[in-house]
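Letter by letter, the chains look like this.
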Amino acid sequence: MFRSSTLDTPDQASGTPCHVAIIMDGNGRWAKQRLMPRVFGHKKGVEALRQAVKACDTLGVKYLTVFAFSSENWRRPADEVSFLMGLFLRVLQSEVDRMHENDIRLKIIGDRSHFAPELVQWIESAESRTANNTGVTLSIAADYGGRWDVIQATQAMLKARPELATNGFDEADLAPHLAMAYAPEPDLFIRTGGERRISNFLLWQLAYAELYFTDMLWPDFDHDALAAAVTWFQGRERRFGRISEQLHPQSAAS
Ligand code: IPE
Ligand code: IPE
Ligand code: MG
């Protein structure tokens, strides 16, 4: 199990974030600025994601989690939703070989019950094929919602341990059932596209993440943009509830 930011104080030995979580926002506006249909921005967004995975590998980030489709994105026009589902399938079909060669472990988190059976099959095969890879773990959140995650985890926990319904349970009981139990909590959260909100992304897991917002639109986000976010992160003091002097006892004494 990974250390919890609320039950424990995680180690801050390395200045590099171990886990970066990104809301890849701004594809539609990027296309609109170029007088192109919104879906053109989504296609360019896939290229930016490829670059982000590479940048994580270079910078030493072990886990990258990206929000590709939220549980609320079904509310979009039907043609955009169907384009996004088709794009997801095509990306799985065309990119998994290359990911596997690059030692990437691929995980898909979210509710699969509304996906086409063919998409579910490709998700399962991509995950099992890359399961033993030891490079960057890329998690793609699709039909994911932070509230869905807490609910599904609670249901799974009570199914496995029905006695908890009467005895009560705590954070440690629930944590193994969350969608990202295989990863440490995100250290750095990035949202592109200018909005300052979480939009029902990893509500539980972002408890102590450092939050970085940039106006840059997702298709423009490249290696240097990620490196800039990491540099900003390295300047933060992560106290996890403590005070600064507890982290630097020497300077407090002098
Ligand atoms: C993010 O870009 C991608 C998805 C939500 C799939 P948007 O499509 O939200 O782009 P904007 O915010 O409208 O520019
Ligand atoms: C959040 O972006 C979801 C993804 C990037 C997949 P949205 O563009 O859908 O977020 P809101 O609805 O504007 O907050
Ligand atoms: Mg958006």
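For the structure, see preceding data.
Note that the coordinates shown come from a computational prediction; the quantities given were computed from them, not determined experimentally.

Definitions and limits used
Residues numbered from 1 in each chain as written. Chains lettered and ligands numbered in written order. Predicted model: local features only at pLDDT ≥ 70, side-chain atom pairs only at ≥ 80, totals over all residues. Heavy atoms only, no water. Helix = DSSP H or I, 4+ residues; strand = E, 2+ residues; numbered from the N terminus. Buried < 20%, exposed > 50% of the residue type's maximum accessible area, 1.4 Å probe, protein only. Pairing = 2+ DSSP bridges.

Student: Please clarify how unusual backbone geometry should be interpreted in this entry.
Tutor: Here Asp 103, not a glycine, exhibits a phi torsion of approximately 65°, which is positive. Here Asp 103 is to be found in the loop between helix H3 (78–101) and strand E3 (105–109). Even without being glycine, Asp 143 reaches a positive phi, approximately 45°. Inspection of the secondary structure assignment puts Asp 143 in strand E4 (residues 137–144). Residue classification places Asp 143 among the buried positions, given a relative accessible area of 3%.

Student: Please clarify how the pairing of strand E5 (residues 188–191) should be interpreted in this entry.
Tutor: Residues in a regular strand point their side chains to alternate faces of the sheet. Both faces of E5 are covered, namely the face carrying Leu 188 and Ile 190 and the face carrying Phe 189 and Arg 191. Relative to E5, strand E1 (residues 19–23) runs parallel, the two sharing 4 bridges. Across the sheet, residue Ile 22 finds its bridge partner in E5, namely Ile 190. Strand direction decides the pairing type here: E5 and strand E6 (residues 210–213), joined by 4 bridges, are parallel. Counterpart to Arg 191 in the pairing with E6 is Phe 213.

Note that every value here comes from positions in space, so none of it alone points to a role or purpose.
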